[in-house]
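# Observations on the model geometry
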Amino acid sequence: MNRTISSADHDKSPATGIVVSAYYRVHPDDRQTFIDAVVPEMAAARKLPGCIYYAFAQDLADANAFHLLEGWADEAAYEHHENAATFLRALATVVKNVRILHREGVRYDVAQQYIDDPRGKVA
């Protein structure tokens, strides 16, 4: 099978100690500012040691809503990211220039990890 590899592809099977799941809904006029701040941060985070995956994506049903999902090997990798210049720069841009209409974020410390593939349920 020929498969095209994308820079967004990632392997979620390595041990992941910390998962962050967040949601942002931004003012329509600030949408592009938000995207412009997040895209370089996303690319930089993916290159950090201990980053298992880092995905920031637009909601398919609402162009002004975005979902973030991060997986980090451990606390040290997560803290390194939280203190990285690219993260702090993106955070400052968003806090100062983007009207966030709704935000929810949750950090999970992973106790057990299972690989999920429901395709086997289909005959």
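See the structure printed just above.
In short, a report on the structure. (Residues numbered from 1 in each chain as written. Predicted model: local features only at pLDDT ≥ 70, side-chain atom pairs only at ≥ 80, totals over all residues. Heavy atoms only, no water.)

## Regarding the pairing of strand β3 (residues 65–72)
For β3, the buried fraction is high: six of the eight residues fall into the buried class. Sheet topology places strand β1 (residues 18–26) next to β3; eight bridges connect them, and they run antiparallel. Pairing of alanine 22 across the sheet is with leucine 68, part of β3. Across seven bridges, the pairing between strand β2 (residues 51–58) and β3 is antiparallel. Residue pairing in the sheet places cysteine 51 in a bridge with tryptophan 72 of β3. Taking the residues that link successive antiparallel strands as the turn, the β2-β3 hairpin has six residues. (Buried < 20%, exposed > 50% of the residue type's maximum accessible area, 1.4 Å probe, protein only. Helix = DSSP H or I, 4+ residues; strand = E, 2+ residues; numbered from the N terminus. Pairing = 2+ DSSP bridges.)

## Let's talk about the sheet that holds strand β4 (residues 100–109)
If you trace the four strands from one edge of the open sheet to the other, you get β2-β3-β1-β4, paired in antiparallel fashion. Across the chains shown, the open sheet's two edge strands, defined by having one partner strand only, are β2 and β4. Along the sheet, successive strands turn relative to each other by an average axial angle of 5 degrees, direction set aside. Its contacts with the sheet put helix α2 (residues 75–82) on β1, β2, β3 and β4, and the angle it makes with β3 is roughly 135 degrees. (Axes fitted to C-alpha atoms, helices over the stretch in contact; angles between N-to-C directions. Contact = heavy atoms within 4.5 Å.)

## Some thoughts on the layout of surface pockets
Over the atoms a probe the size of a water molecule is rolled, and this reveals where empty space is left. Counted as a void, the largest pocket has a volume near 370 Å³. Listing elements by their share of the lining of the largest pocket, those giving two or more residues are β1, α1 (31–46), β2, β3, α2, α3 (85–97) and β4. For the lining of the largest pocket, a count of residues per class yields 16 nonpolar, one polar and five charged. (1 Å grid on protein atoms, 1.4 Å probe; cavity = no way out; pocket = protein on both sides within 12 Å on 5 of 7 lines; lining within 4 Å. Points joined across faces, edges and corners; volume = space filled by probe spheres on them. Nonpolar A, V, L, I, M, F, W, Y, C, P; charged D, E, K, R; others polar.)

## Regarding the packing of aromatic side chains
Under the defined criterion, the tally for this structure stands at five aromatic pairs. The interplanar angle of 35 degrees and the centroid separation of 5.7 Å between the aromatic rings of tyrosine 24 and phenylalanine 56 together place this pair among those described as tilted. With tyrosine 24 in strand β1 and phenylalanine 56 in strand β2, this pair connects stretches of sequence that are 32 residues apart. You can call tyrosine 24 buried: its relative accessible area is 11%. On the basis of relative accessible area, phenylalanine 56 is assigned to the buried category, the value being 15%. Seen in terms of ring centroids, tyrosine 54 and tryptophan 72 are 6.4 Å apart; in terms of plane orientation they differ by 75 degrees. Their pairing is edge-to-face. (Phe/Tyr/Trp six-rings, centres within 6.5 Å; stacked < 30°, edge-to-face > 60°.)

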